[in-house]
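Fold and contact review
One-letter residues, chain by chain:
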Amino acid sequence: MLPLTTLETPTPARRLPAWLKRDLPRGNENFFTEGLLRELRLETVCENARCPNRPECYSRRTATFMILGDICTRACGFCAVPSGKPVGPPDEEEPFRVAEAVARMGLRYAVVTSVNRDDQPDGGAHIFARTIEEIRRRVPGCKVEVLIPDFRGDWNALNTVLATKPDVLNHNTETVPRLYRQVRKGALYERSLELLRRSKEAHPDIPTKTGLMLGLGENKEEVLATLQDLAAQGTDILTLGQYLQPTKEHLPIVRYVHPDEFAEFKILGEAMGFKHVEAGPLVRSSYHAFEQTESAVR
């Protein structure tokens, strides 16, 4: 058991280090992406979760589409997506609009995620499946990565998504098990491990992927133990990035993790058997996702 002092609330980190400061990209591509998303009434996790990489990604005409609405049925301590009770069922026309956006943005690799929809019998899994199918129908040859919720352990819902053969099945673990109650309300660490394991067992040909945020109060030993657990599920791709507090109402940043520490975790993770580890302060689960997958399947 960890000493009591490690479980006390640490003093939040305050000053943003130099390695997290970025220059905004120039050009009009940002406006193209933002305008298209508004026109098609689509949400992105880039905007709703206040991702620091949004200007760069939008300027490259790419985004992570967030389906199933903009209200999440959970209230995780790290996430800026609004939580509450969604009004009405999922939009059955949404998959067509996502596919239209993929076509007009010229994407060859699309990333689709969602809010949690615990109010729905299948957690919205059928909308994920239809979105994959519509993207492939509209843009033949486009690869699709899905970043899915845990569907509250409904493995039939998971199988609905897997049956469409996404090119990558991603489910973020987010943090170490000790911090789950604070960070991932409504989620279970063991459930996330089981989801990754079931995915790999059912479809060993589909790469599995997961990610952690660092800086929430975890220690190195806990991170390494979590990586060992994830590697044991056969997970192919791992992302590690710095947690950034989206608003003052969210969990504080306990510390800023130095880039050298991320570099060390990359080496250690690859030694554990991950096919690709993307680690760095500004790394996010879908940031440069195509390059991550290409590296893992070589």
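Up top you'll find the structure we're talking about.
The structure contained in this document is the topic of the report that follows. (Residues numbered from 1 in each chain as written. Predicted model: local features only at pLDDT ≥ 70, side-chain atom pairs only at ≥ 80, totals over all residues. Heavy atoms only, no water.)

Some points on the packing of aromatic side chains
If you walk through the whole model with that rule in mind, you get two aromatic pairs. Between Phe128 and Phe151, the aromatic rings sit 6.4 Å apart at their centres with planes inclined by 85°, giving edge-to-face as the arrangement. Highlighted residues: Phe128 in helix 5 (residues 125-138) and Phe151 in the loop between strand 4 (143-147) and helix 6 (155-162), separated in sequence by 23 residues. With centroids separated by 5.7 Å and ring planes inclined at 80°, the aromatic side chains of Tyr180 and Tyr189 adopt a geometry described as edge-to-face. In terms of burial, Tyr180 and Tyr189 fall into one category: buried. (Phe/Tyr/Trp six-rings, centres within 6.5 Å; stacked < 30°, edge-to-face > 60°. Helix = DSSP H or I, 4+ residues; strand = E, 2+ residues; numbered from the N terminus. Buried < 20%, exposed > 50% of the residue type's maximum accessible area, 1.4 Å probe, protein only.)

Quick word on helix 6
Within helix 6 the residues assigned to the buried category are Trp155, Ala157, Leu158, Val161 and Leu162. The arc that holds every buried residue of helix 6, seen down its axis, measures 155°, which confines them to one face. Two to three positions downstream of the cap, the backbone nitrogen of Asn156 sits 3.1 Å from a side-chain oxygen, assigning the N-cap of helix 6 to Asp154. (Arc of directions from axis to C-beta. Polar contact = N/O pair within 3.5 Å; in protein donor to acceptor, adjacent residues only side chain to side chain.)

Details of the pattern of salt bridges
Applying the stated rule across the entire model yields 20 salt bridges. Here Asp118 ties to Arg74 by a salt bridge, and the two come within 2.8 Å at their closest N and O atoms. Of the two residues, Asp118 is situated in the loop between strand 3 (109-114) and helix 5 and Arg74 in the loop between strand 2 (64-67) and helix 4 (94-105); the sequence distance between them amounts to 44 residues. Looking at Asp118, the relative accessible area reads 24%, which means it is partly exposed. Residues Glu264 and Lys220 are paired through a salt bridge, measuring 2.7 Å at the closest nitrogen-oxygen approach. Note that Glu264 is positioned in helix 10 (residues 259-272) and Lys220 in helix 9 (residues 220-232), a separation of 44 residues in sequence. According to the relative accessible area criterion, Glu264 is partly exposed, its value standing at 36%. Linked through salt bridges whose partners overlap, the residues forming this network are Glu39, Glu100, Arg104 and Arg138. (Salt bridge = Lys/Arg side-chain N within 4 Å of Asp/Glu carboxyl O.)

Some remarks on the nonpolar core
Counting residues in hydrophobic clusters, the biggest one holds 41 residues, and the most contacted among them are Phe65, Val102, Phe128, Ile135, Val146, Ile148 and Val161. Of all the secondary-structure elements, those providing two or more residues to this core are helix 1 (29-39), strand 2, helix 4, strand 3, helix 5, strand 4 and helix 6. Setting aside residues no more than four positions away along its own chain, Val161 makes contact with Ala125, Phe128, Ile132, Val146, Ile148, Phe151, Pro166 and Leu169. Cys76, Tyr243, Leu251 and Ile253 belong to the second largest nonpolar core, which has 31 residues in total. (Core = buried A, V, L, I, M, F, W, Y, C linked by side-chain atoms within 4.5 Å. Contact = heavy atoms within 4.5 Å.)

Some points on the sheet that holds strand 6 (residues 208-214)
In space, the eight strands of this open sheet follow the order 1-2-3-4-5-6-7-8, with mixed pairing throughout. Each having just a single partner strand, strand 1 (43-44) and strand 8 (276-279) make up the two edges of the open sheet. In the sheet, strand 4 pairs with strand 5 (residues 168-170) via three bridges, with the strands oriented parallel. Counted as the bridge partner of Val146 is Leu169 from strand 5. Helix 4 rests against strand 2 and strand 3 of the sheet, and its axis sits at about 170° to strand 2. (Pairing = 2+ DSSP bridges. Axes fitted to C-alpha atoms, helices over the stretch in contact; angles between N-to-C directions.)

Considering helix 9
Over its 13 residues, helix 9 runs 18 Å from end to end, which matches the ideal 18 Å to within 8%, given 1.5 Å per residue. Three or more residues of helix 9 are buried, namely Glu222, Val223, Thr226, Leu227, Leu230 and Ala231. Packed against the buried residues of helix 9 are helix 8 (189-202), strand 6, strand 7 (237-242) and helix 10. Backbone nitrogen of Glu221 and a side-chain oxygen of the N-cap are separated by 3.2 Å at the start of helix 9; the cap is Asn219. Of the residues trailing helix 9, Gly234 is marked for its positive phi of about 85°. (Expected span 1.5 Å × (residues − 1).)

Considering the environment of Ile127
Looking at where Ile127 falls in the secondary structure, it is placed in helix 5. Look at Ile127 and you get buried, because its relative accessible area is 0%. For Ile127, the residues in contact, after removing those within four places along its chain, are Ile67, Leu68, Pro90, Asp91, Glu92, Glu94 and Pro95.

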